[in-house]
Amino acid sequence: MSRSTDRILTTHAGSLPRPADLLALYRDEAAAPARLEARLASAVGEVVRRQADIGIDIVNDGEFGKPMTQDVDYGAWATYIFGRLSGYEMREPDPGFDVLGAIMGRSKDRIDFAEFYASGEDGTRTPRPDYRVPVNVGPVTYTGHSAVQRDIANLKAALGDTDVRGAFLSAVATGVQAAPSEHYRSAEEHAVAVAEAMREEYKAIVDAGLSLQIDDPILVNVYEFEYSASGDLAGFRKWAKGHVELVNHALRGIPEERIRYHVCWGSWKGPHSSDLPLRHIVDLLLEVNAGQYSVEAANVQHEHEWKVWKDFKLPDGRAVIPGVVTHKTNVLEHPELVADRIVRYAEVLGRENVIAGSDCGLGGRLHPQLAWAKLRNLVRGAELASEALWP
């Protein structure tokens, strides 16, 4: 896995803006599969070239292989997996079922700012009328071999002779697929079965010579949705420790230097007043068997948390990917501000242990023009930081 040995390297958190015609093919149930597959391959080629052209060092496929039926990336990063796992049935929810309320309704932030959230100004979309919820009805096994091999092949073909330092594919963390089970005797038995199944996707990506990014916002967001109203930090940390053990179980035997672990505090544009402070989870974060840790560091609820790393030793050989541009605002970060953010992390962690990234995926969270502008400013900021750090 690449490190910042002679300058600050750049990457991002995964999701990038999808072309309109690719989205249309995903939405068109009557579209010939061959048309979708051909356009997917060419779209991956285009997005890899665009990343390389603006100077992103460690690139990906934009997560284009994860099916989307709308232009907002709420959930596709996680729900794609139900097309790659057996044992789930997608059911119409009960009348009046509020999926957002079921997930987020106990959030202290949403209680304290109920009028704001009722206004819809947070940008959270109402689920489509055909929204379905997963229910586990049988043994969970991995069935997505052809899909993940397609994604691998598309990315490797797109890399071609591009001048980049590395490439990664994202996969959802085990445990994110929480769903009621009618098959397993306990939630723990169900969770272990999912971990074993997801391991096949993880191994396929690494065995292909690519880096694997584990997308896991629930490590921090479970606090927000389940514990923030009560403030039960001890109860949350007990859950989180078990979750980390499950993630490591799924990653066992996979070289940690090939794994980057991404956590974020959600893509909705709300106050985030009761986000879990990084300080309360960083020790458990570092227990995840990964070579790099991608964290939010640009938005105003978490920009100050570079100070946390003064008190926690980063294990030898590992690195941090701080977000230095964010999906939570349309305002473009000035390159000098980006450079300042990078330098702060480099001074605490060591310049070789920092790779500049984004808070979360930019695709679907911002207008495409702004998403790409933020990545250009990320690259320019990394250049300025490199000039300061390697005088």
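What you are looking at is a predicted structure, and each value in this text was computed from that prediction instead of being measured.

Undergrad: Describe the pairing of strand β7 (residues 259-262), with residues and values.
TA: Here β7 shows a buried face lined by Ile259 and Tyr261 and a second buried face lined by Arg260 and His262. Across four bridges, strand β6 (residues 211-215) lies against β7 in parallel orientation. Note on β7: the bridge partner recorded for aspartate 215 is histidine 262. Where β7 meets strand β8 (residues 292-295), three bridges bridge the pair, whose relative direction is parallel. Each residue of the ladder has a partner; that of histidine 262, found in β8, is serine 294.

Undergrad: So what about the nonpolar core? Which residues, and what values?
TA: Judged by nonpolar contacts, the single largest core of 108 residues is most densely connected at Tyr202, Leu212, Leu251, Tyr261, Ile281, Trp309 and Ile342. With nine residues, helix α8 (residues 187-207) is the single largest residue contributor to this core. Setting aside chain neighbours within four positions, we find isoleucine 281 in contact with Leu219, Val220, Phe236, Arg237, Ala240 and Leu276. Core analysis: the next-biggest nonpolar cluster, separate from the first, contains five residues, Leu9, Phe168, Ile321 and Ile355 among them.

Undergrad: How would you sum up unusual backbone geometry? Please name residues and give values.
TA: In this model, glutamate 63 sits at a positive phi of 65°, which is unusual for a non-glycine residue. Within the secondary structure, glutamate 63 is located in the loop between β2 (58-59) and α3 (76-79). Although it is not a glycine, histidine 272 sits at a positive phi angle of roughly 55°. Positionally, histidine 272 belongs in the loop between β7 and α11 (282-285). Using a relative accessible area of 3% as the deciding quantity, one classes histidine 272 as buried.

Undergrad: I'd like a description of the sheet that holds β6, backed by residues and values.
TA: By definition, the strands of a sheet pair up through backbone hydrogen bonds, in either a parallel or an antiparallel sense. If you trace the eight strands from one edge of the open sheet to the other, you get β1-β10-β9-β8-β7-β6-β5-β2, paired in parallel fashion. Only two strands of the sheet have a single partner each, and these edge strands are β1 (9-10) and β2. As paired elements, β2 and strand β5 (residues 166-172) share two bridges and run parallel to each other. Bridging from a neighbouring strand, valine 59 pairs with alanine 167 of β5. Across the sheet, helix α7 (residues 145-159) touches β2 and β5, and the angle it forms with β5 is around 160°.

Undergrad: For helix α10 (residues 233-251), give the residues involved together with the corresponding values.
TA: The end-to-end C-alpha separation of α10 is 26 Å, in line with the 27 Å expected for 19 residues at 1.5 Å each. Residues Gly235, Phe236, Ala240, His243, Val244, Leu246, Val247, Asn248, Ala250 and Leu251 constitute the buried set of α10. Tucked inside the fold, the buried residues of α10 contact α8, β6, α9 (218-227), β7 and α11. Count one or two residues on from α10 and you reach glycine 253, which has phi positive near 80°.

Undergrad: I'd love a proper account of the layout of surface pockets, names of residues and values included.
TA: By volume, the second largest pocket amounts to about 230 Å³. Lining the second largest pocket are 15 residues, with Asn299, Val300, Thr326, Lys328 and Thr329 sitting closest to its centre. Considered class by class, the residues forming the lining of the second largest pocket number five nonpolar, six polar and four charged.

Reading the values: rules and limits
Residues numbered from 1 in each chain as written. Predicted model: local features only at pLDDT ≥ 70, side-chain atom pairs only at ≥ 80, totals over all residues. Heavy atoms only, no water. Buried < 20%, exposed > 50% of the residue type's maximum accessible area, 1.4 Å probe, protein only. Helix = DSSP H or I, 4+ residues; strand = E, 2+ residues; numbered from the N terminus. Pairing = 2+ DSSP bridges. Core = buried A, V, L, I, M, F, W, Y, C linked by side-chain atoms within 4.5 Å. Contact = heavy atoms within 4.5 Å. Axes fitted to C-alpha atoms, helices over the stretch in contact; angles between N-to-C directions. Expected span 1.5 Å × (residues − 1). 1 Å grid on protein atoms, 1.4 Å probe; cavity = no way out; pocket = protein on both sides within 12 Å on 5 of 7 lines; lining within 4 Å. Points joined across faces, edges and corners; volume = space filled by probe spheres on them. Nonpolar A, V, L, I, M, F, W, Y, C, P; charged D, E, K, R; others polar.

Purely geometric numbers; function is a separate question.
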